[in-house]
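Here is how the chains run, residue by residue.
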Amino acid sequence: MSHRLFVALRPPEAIRQALALCQSGIPGARWQVDAQLHITLRFIGDVEGHQAEDVVSALATIQAPKLPLRLSGVGHFGKGDRINALWAGVSPVEGITALHHKIDRALVRVGIAPDPRAFVPHLTLARFAASARASVAETWLAEHATLSSAPFVAEDFTLYESHMGRHGSDYRPVERWPLS
């Protein structure tokens, strides 16, 4: 049986509630619901059952400090004049990037290919159909360019399994590990 996995930090409720207040005003945006709000540390993808067990074992070996973080700015992913996601940035990037690299190295040791993409610490706020023009979000991006939050501390990281449903993805925690 295949499992679609990713590793993420879950921001505290107060941060998620603050984000909910800015999740509106763009036609065609599919805003992430509270249960979907997370900061991806490493997308793993589809793995078979035995390899999923290896992933859990590898992640259990990671030692890293608690991370003081805050939301900082907004941006979007897409190509050319197309947009496929809006996000809130996360800073400072040094600690979270170090944790991403530790997770990546641990996963490579159990046969998961290294992450080919540059790591951009972010929290996805909305997704768009492949045909969405970036111009639909220009006003929203300008209005929220200075988005920031009170500092918060990430005290653990979680392995999630993603299940596709009628209303988007459903994320279920598989295992959680404390940061020291």
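Cut-offs used in this document
- Residues numbered from 1 in each chain as written.
- Predicted model: local features only at pLDDT ≥ 70, side-chain atom pairs only at ≥ 80, totals over all residues.
- Heavy atoms only, no water.
- Pairing = 2+ DSSP bridges.
- Helix = DSSP H or I, 4+ residues; strand = E, 2+ residues; numbered from the N terminus.
- Core = buried A, V, L, I, M, F, W, Y, C linked by side-chain atoms within 4.5 Å.
- Buried < 20%, exposed > 50% of the residue type's maximum accessible area, 1.4 Å probe, protein only.
- Contact = heavy atoms within 4.5 Å.
- Polar contact = N/O pair within 3.5 Å; in protein donor to acceptor, adjacent residues only side chain to side chain.

Peer 1: Just give me the short version of the pairing of strand 8 (residues 156-165), but keep the residues and values in it.
Peer 2: For a regular strand, side chains alternate in direction, first toward one face of the sheet and then toward the other. Pairing of strand 1 (residues 2-9) with strand 8, which is carried by 4 bridges, proceeds in the antiparallel orientation. The partner of leucine 5 across the bridge, within strand 8, is glutamate 161. Where strand 8 meets strand 9 (residues 168-178), 10 bridges bridge the pair, whose relative direction is antiparallel. If you follow aspartate 156 over to strand 9, its bridge partner there is proline 178.

Peer 1: Quick rundown of the nonpolar core? Include the residues and the values.
Peer 2: Grouped together as the largest cluster of nonpolar side chains are 49 residues, with contacts concentrated most on Leu9, Leu59 and Phe157. The dominant element in this core, judged by the number of residues it contributes, is helix 3 (residues 93-109), at 5 residues. Apart from residues lying up to four places away in sequence, phenylalanine 157 is in contact with Val7, Ala8, Leu9, Leu41, Leu59, Ile62, Ile103, Glu175, Arg176, Trp177 and Leu179.

Peer 1: Describe the pairing of strand 4 (residues 67-77), and please don't skip the residues or the numbers.
Peer 2: The sheet contact formed by strand 4 and strand 7 (residues 152-154) spans 3 bridges and is antiparallel. When the bridges of strand 7 are listed, leucine 69 appears paired with phenylalanine 152. As judged from the 6 bridges shared by strand 4 and strand 5 (residues 85-91), these two strands associate in the antiparallel manner. Note that in strand 5 the partner of phenylalanine 77 across the bridge is alanine 85.

Peer 1: Describe in detail unusual backbone geometry, supporting the description with residues and values.
Peer 2: For the peptide bond that leads from serine 91 to proline 92, omega is -10°, which places it in the cis range. By the secondary structure assignment, proline 92 is in the loop between strand 5 and helix 3.

Peer 1: Lay out the environment of glutamate 161 with the relevant residues and their values.
Peer 2: Relative to the assigned elements, glutamate 161 resides in strand 8. Taking the C-alpha atoms as reference points, glutamate 161 and valine 110, 51 residues apart in sequence, are found 18 Å from one another. When near neighbours in sequence (up to four residues on either side) are disregarded, glutamate 161 contacts Ser2, His3, Arg4, Leu5, Asp170, Tyr171, Arg172 and Val174. There is a polar contact of 2.9 Å between the side chain of glutamate 161 and the side chain of histidine 3.

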